[in-house]
Amino acid sequence: QVQLVESGGGSVQAGGSLRLSCAVTGNMAETIIKFANIGWYRQAPGKERELVARIAAGGTTDYGDSVQGRFTISRDNTKNTVSLQMNSLKPTDTAVYYCFTRWIEDYWGKGTLVTVSS
């Protein structure tokens, strides 16, 4: 199976930076990190979950409109991790951030909380 474990969340002031990591573990980890698309989603209180960024197996990336130019997603196949570098954070970026992948079925991490204060 596959487990996704997020880390790196925390509290930061507006304009600051955080780096989130998603560790892919389990007996399918190497297959996932090499061949699956992996993404970051977020859910703010009272709002629906939305796409933040995703990276394809070949390295192609795409971003939600609200984070374009501020966030960067990357993957390290040697460490089975996908990272999200978040710069110029805004209070509207406050949310629980989830790692997601799909390989026959959907896999979600438990999430990591990011709080941005003004």
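Residues numbered from 1 in each chain as written. Predicted model: local features only at pLDDT ≥ 70, side-chain atom pairs only at ≥ 80, totals over all residues. Heavy atoms only, no water.

Visitor: So what's going on with the pairing of strand S9 (residues 95-103)? Which residues, and what values?
Guide: Successive residues of a regular strand alternate their side chains across the two faces of the sheet. The pairing of strand S4 (residues 38-43) with S9 spans six bridges and is classified as antiparallel. Note on S9: the bridge partner recorded for tryptophan 40 is cysteine 99. In the sheet, S9 pairs with strand S11 (residues 112-117) via three bridges, with the strands oriented antiparallel. The residue bridging valine 96 from the neighbouring strand is leucine 113, located in S11. Bridge count between S9 and strand S10 (residues 105-108): four bridges; the pairing is antiparallel. Looking at S10, one finds that phenylalanine 100 is bridged to tryptophan 108. (Pairing = 2+ DSSP bridges. Helix = DSSP H or I, 4+ residues; strand = E, 2+ residues; numbered from the N terminus.)

Visitor: How would you explain the state of the cysteines if you had to name every residue and give the values?
Guide: Taken as a whole and judged by the stated rule, the model has one disulfide. The partner cysteine of cysteine 22 in its disulfide is cysteine 99, sulfur to sulfur 2.1 Å. The sign of the -85 degrees torsion about the S-S bond sets the cysteine 22-cysteine 99 disulfide as left-handed. With cysteine 22 in strand S3 (residues 18-25) and cysteine 99 in strand S9, this residue pair connects regions lying 77 residues apart in the sequence. (Disulfide = S-S within 2.5 Å.)

Visitor: Explain the environment of glycine 9 to me, using residue names and the numbers behind them.
Guide: With respect to the secondary-structure elements, glycine 9 resides in the loop between strand S1 (3-7) and strand S2 (10-13). Taking the relative accessible area as the measure of exposure, glycine 9 reaches 32% and is therefore partly exposed. On a C-alpha basis, the gap between glycine 9 and threonine 112 in space is 5.3 Å, while along the polypeptide they are 103 residues apart. Setting aside its immediate chain neighbours within four residues, glycine 9 contacts Leu20, Thr112, Leu113 and Val114. (Buried < 20%, exposed > 50% of the residue type's maximum accessible area, 1.4 Å probe, protein only. Contact = heavy atoms within 4.5 Å.)

Visitor: Report on the side chain of arginine 70, specifying residues and quantitative values.
Guide: The residue arginine 70 is located in the loop between strand S6 (61-63) and strand S7 (71-76) in this model. Among the polar contacts made by the side chain of arginine 70, one reaches the main-chain carbonyl oxygen of serine 88 at a distance of 2.9 Å. The residues contacting arginine 70, other than those within four sequence positions of it, are Gln85, Met86, Asn87, Ser88, Leu89, Lys90 and Asp93. (Polar contact = N/O pair within 3.5 Å; in protein donor to acceptor, adjacent residues only side chain to side chain.)

Visitor: Lay out unusual backbone geometry in plain terms, naming residues and giving numbers.
Guide: At asparagine 80, a position not held by glycine, the phi torsion is positive, near 55 degrees. Within the secondary structure, asparagine 80 is located in the loop between S7 and strand S8 (81-86). By relative accessible area, which is 17% here, asparagine 80 ends up buried. Residue isoleucine 104 is not a glycine yet carries a positive backbone phi of 70 degrees. Residue placement: isoleucine 104 occurs in the loop between S9 and S10. In this structure isoleucine 104 comes out as exposed when scored by relative accessible area, which is 84%.

Visitor: Please provide a residue-by-residue account of the packing of aromatic side chains, values included.
Guide: Under the defined criterion, the tally for this structure stands at four aromatic pairs. Consider the rings of tyrosine 41 and tryptophan 108, whose centres lie 5.3 Å apart with planes at 70 degrees: the pair is edge-to-face. Highlighted residues: tyrosine 41 in strand S4 and tryptophan 108 in strand S10, separated in sequence by 67 residues. Of the residues examined, tyrosine 41 reaches a relative accessible area of 16% and is grouped as buried. (Phe/Tyr/Trp six-rings, centres within 6.5 Å; stacked < 30°, edge-to-face > 60°.)

Don't take any of this as a statement about function, it's just geometry.
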